[in-house]
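Here is what each chain is made of, one letter per residue.
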Amino acid sequence: MSSVVRKFNFFLLRIRYQGFRLWQHNVRFIENLLESLMRRWLLKGELLHTFVNNSQPYLHSEKQAVINNGKTRKVIFFTFRTLHFLDWFAPIHLALDRLFPEKYEVFYINFGATLHRIGAGIEYIRYHRKVEERMLLLGVSPLRHFSHQELAEYSSIPEPAVHLTCESIRQETFSAPERIYLPHYALPKAIDTGLPENIRFNHVFLPTRPPYTYQQLNQKFPGNVKVHSVGYPKLHAVHSNVLCFKDDERPVVIYAPSLEIKLLFDALDKGLLDIIKKLTQYLFVIKLHPSLASRRHYVTSFISRQLKDAEHIQFNDLAGIQELAEESSIMITDYGSAGGEYRMGFGRRIICLKVPEEYEGGADLRFRDDFADAVCEVGELELVIESVINKGNISFSELQDMREKVLSFPDAADEAAARTINEICSSR
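**Q** So what exactly am I meant to see when it comes to the overall build of the protein here?
**A** Of regular secondary structure, the protein possesses 15 helices and 13 strands. A burial count over the protein gives 53% of its 428 residues as buried. Of the contacts formed within the protein by residues at least 6 apart in sequence, a portion of 74% connects residues at least 24 apart. Of the roughly 19900 Å² that the protein leaves accessible, carbon and sulfur atoms contribute 52%.

Here is the structure:
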């Protein structure tokens with residue numbers, strides 16, 4: 001296909017994409033209107049998820065019993081909005097239970113209803129279900145899960161001794177003497193020059209060491225925050241391997257672009273879909289960033305339509321990288337932390353697509369320069385994929401050496417974080 005024809009076709013796809021996006025907005029408007037009418041006429045103004053909770057008195061009593069149990073233990077709150085942040089904290093929680101049995105009570109408090117794309121209606125019910133499915137997969141009881149609005153329905157909620165979060169949540173107002181920031185990426189980008197200023201914390205669990213960390217921490221640590229080198233606990237999350245392709249011996253390639261939709265469309269504009277459709281000797285899994293997949297679900301639907309006849313290509317917007325890694329041979333990414341997490345966690349090779357200069361300068365691309373198995377343009381992928389797959393997985397000694405150089409604590413990071421929390425609590 002000539003470049004002129006390809007660009008024209010992609011121009012038409014962009015128009016279709018914008019039309020699909022507008023249609024999705026209209027669908028969401030109608031859903032919100034129907035939910036508003038249902039609340040007003042059927043639920044008498046009660047929130048939908050409150051109505052659902054009140055219809056399950058046994059579940060309510062079970063959760064109240066968990067709360068009451070917290071009165072005799074040190075209480076930890078983990079707050080989140082985005083579903084996939086559970087993967088960062090659950091390993092620490094399970095390590096606390098192993099190392100310090102019956103000493104800590106942990107509560108997962110979601111602020112998902114504060115996100116515009118979720119709200120407090122039907123979409124929140126779907127979100128709530130996915131949260132609890134994810135907790136079960138991670139080995140954590142959903143009885144510990146509450147929405148921030150739901151807390152008012154229970155009595156004697158204990159004050160947390162420690163609060164952890166991965167993100168800024170403006171509506172979170174809990175009073176906790178010790179507040180921990182748990183970064184939800186191993187390798188900061190160029191825009192992440194220092195620790196976030198919109199999150200309240202006096203401790204930070206640092207996943208990586210200089211020069212693979214925040215630029216400001218390459219020279220010094222902040223005086224008002226205690227920095228704890230605990231490594232990357234997410235690497236120890238419990239997971240079940242997801243097989244996207246059964247009974248097929250072809251190598252599996254994961255395409256995991258970053259959250260930057262501009263880079264995604266740039267890759268599409270350069271013919272990425274045409275290339276992977278052509279490479280039928282491989283199997284491809286397109287794994288969008290979880291926030292991109294959930295906030296812009298029309299992107300997934302849009303690309304899926306372009307690949308509907310390609311049986312060797314699948315989308316997966318629910319499983320995490322750790323679920324998909326075991327089946328795969330290599331990953332293609334652009335920038336951010338996904339490539340580093342994949343290579344350090346599973347010893348598999350990565351191909352990084354070249355990005356504009358404005359994205360350079362962060363720890364993520366420092367890792368790329370030091371450890372990526374190939375850096376190329378979209379048009380070079382056909383040859384590069386073959387050469388990287390032929391290398392096989394990286395050796396165990398190479399994997400260990402990379403972890404020693406990059407991670408602030410290269411061993412059991414989940415237990416290192418749990419011990420650090422225990423030390424923080426014991427010091428008070």
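**Q** Looking at this structure, I do not really get the nonpolar core. What am I missing?
**A** Nonpolar side chains in soluble globular proteins tend to be buried together. In this structure, Ile76, Phe78, Phe89, Tyr108, Leu164, Phe367 and Ile421 are the most contacted members of the largest nonpolar core, which totals 67 residues. When residues in this core are grouped by element, the largest group, 7 residues, is from helix α4 (residues 86-99). Not counting residues up to four positions away in its chain, the partners in contact with isoleucine 76 are Phe89, Leu96, Tyr104, Glu105, Val106, Phe107, Val162, Leu164 and Ile421. Formed by 34 residues, the second largest nonpolar core is a distinct cluster that contains Ile261, Ile332, Leu353 and Val384.

**Q** Explanation requested: the environment of arginine 98 in the structure shown.
**A** Locating arginine 98 in the fold gives a position in helix α4. With near-sequence residues (within four places) excluded, arginine 98 lies in contact with Asp414 and Glu415. A distance of 3.3 Å separates a polar atom in the side chain of arginine 98 from a polar atom in the side chain of aspartate 414. Side chain to side chain, arginine 98 and glutamate 415 meet in a polar contact 3.2 Å long.

**Q** Is there a simple way to explain the side chain of asparagine 422 in this structure?
**A** Take asparagine 422: it is sitting in helix α15 (residues 413-426). According to the relative accessible area criterion, asparagine 422 is buried, its value standing at 12%. With residues near it in sequence (within four places) discarded, asparagine 422 still touches Phe100, Lys103 and Tyr104.

**Q** For this particular structure, what's the right way to read the packing of aromatic side chains?
**A** Geometry of an aromatic ring pair is reported as the spacing of the ring centres plus the angle between the planes. A complete count under the given rule lists 19 aromatic pairs for this structure. Measuring from ring centre to ring centre gives 5.8 Å for phenylalanine 78 and phenylalanine 80, while their planes differ by 20 degrees; the resulting arrangement is stacked. The class for phenylalanine 78 is buried, based on a relative accessible area of 0%. By relative accessible area, which is 0% here, phenylalanine 80 ends up buried. By way of ring pairs, the aromatic residues Phe77, Phe107, Phe111, Phe146, Tyr154 and Phe174 are connected into one cluster. Sitting over the face of the ring of tyrosine 185, lysine 189 holds its NZ or CZ atom 5.8 Å from the ring centroid.

**Q** Looking at this model, I keep getting lost on the pattern of salt bridges. Mind explaining?
**A** Oppositely charged side chains may form a pair once their charged atoms are brought near each other. The full count for this structure, using the stated rule, is 27 salt bridges. Between glutamate 105 and arginine 73 there is a salt bridge, and its shortest N-O distance comes to 3.2 Å. With a gap of 32 residues between them, glutamate 105 in strand β2 (residues 104-110) and arginine 73 in the loop between α3 (57-69) and β1 (74-80) connect regions that are remote in the sequence. What makes arginine 73 partly exposed here is its relative accessible area of 23%. The salt bridge partner of arginine 343 is aspartate 373, with a shortest N-O separation of 3.0 Å. Note that arginine 343 is positioned in helix α11 (residues 338-346) and aspartate 373 in the loop between α12 (363-371) and β13 (374-376), a separation of 30 residues in sequence. Across the pair, exposure class does not vary: arginine 343 and aspartate 373 are buried alike. Overlapping salt bridges, with partners in common, bring together Arg98, Asp414, Glu415 and Arg419 in one network.

**Q** Explanation requested: the sheet that holds β1 in the structure shown.
**A** Strand pairing in a sheet relies on backbone hydrogen bonds. The paired strands run either parallel or antiparallel. One open sheet holds the 7 strands; their spatial order is β3-β2-β1-β4-β5-β6-β7, and the pairing between them is parallel. In this open sheet, the two edge strands, each paired with only one partner strand, are β3 (145-147) and β7 (226-229). With strand direction ignored, the average angle separating the axes of adjacent strands in the sheet is 25 degrees. Two strands pair when backbone bridges link them, and β1 and β2 are joined in this way by 7 bridges, in the parallel orientation.

**Q** Looking at this model, I keep getting lost on empty space enclosed by the protein. Mind explaining?
**A** Over the atoms, a rolled probe matching the size of one water molecule traces out where space is still vacant. Under the definition given, this model contains 2 cavities of 30 Å³ or more. In this structure, the largest cavity occupies an estimated 90 Å³ of space. Lining the largest cavity we find Tyr255, Leu263, Asp266, Ala267, Lys270, Asp334, Leu353, Lys354, Val355, Glu377 and Val378. Counting residues per element, the lining of the largest cavity draws most heavily on helix α6 (residues 261-269), at 3 residues. In terms of residue class, the lining of the largest cavity is made up of 6 nonpolar, no polar and 5 charged. In this structure, the second largest cavity occupies an estimated 60 Å³ of space. For the second largest cavity, the full set of lining residues is Thr333, Asp334, Tyr335, Gly336, Gly339, Gly340, Ile350, Cys352, Asp364, Leu365, Phe367 and Arg368. Those elements that provide at least two residues to the lining of the second largest cavity are α11, β12 (349-353) and α12.

**Q** How should unusual backbone geometry be read in this particular structure?
**A** Across residues other than glycine, the phi torsion is negative in most instances, and most of the peptide bonds are trans. Along the chain, proline 210 connects to proline 211 via a cis peptide bond; the corresponding omega equals 5 degrees. Within the element layout of this structure, proline 211 appears in the loop between β6 (203-206) and β7. Unusually for a residue other than glycine, serine 156 sits at a positive phi of about 60 degrees. Secondary-structure assignment places serine 156 in the loop between β3 and β4 (162-165). Accessibility expressed as a relative area gives 43% for serine 156, which makes it partly exposed. Here aspartate 247, not a glycine, exhibits a phi torsion of approximately 55 degrees, which is positive. Position of aspartate 247 among the secondary structure elements: in the loop between β7 and β8 (252-255).

The rules we used
- Residues numbered from 1 in each chain as written.
- Predicted model: local features only at pLDDT ≥ 70, side-chain atom pairs only at ≥ 80, totals over all residues.
- Heavy atoms only, no water.
- Helix = DSSP H or I, 4+ residues; strand = E, 2+ residues; numbered from the N terminus.
- Buried < 20%, exposed > 50% of the residue type's maximum accessible area, 1.4 Å probe, protein only.
- Contact = heavy atoms within 4.5 Å.
- Areas by Shrake-Rupley, 256 points an atom, 1.4 Å probe, with all protein chains shown as cover.
- Core = buried A, V, L, I, M, F, W, Y, C linked by side-chain atoms within 4.5 Å.
- Polar contact = N/O pair within 3.5 Å; in protein donor to acceptor, adjacent residues only side chain to side chain.
- Phe/Tyr/Trp six-rings, centres within 6.5 Å; stacked < 30°, edge-to-face > 60°.
- Lys NZ or Arg CZ within 6 Å of the ring centre and 35° of its normal.
- Salt bridge = Lys/Arg side-chain N within 4 Å of Asp/Glu carboxyl O.
- Pairing = 2+ DSSP bridges.
- Axes fitted to C-alpha atoms, helices over the stretch in contact; angles between N-to-C directions.
- 1 Å grid on protein atoms, 1.4 Å probe; cavity = no way out; pocket = protein on both sides within 12 Å on 5 of 7 lines; lining within 4 Å.
- Points joined across faces, edges and corners; volume = space filled by probe spheres on them.
- Nonpolar A, V, L, I, M, F, W, Y, C, P; charged D, E, K, R; others polar.

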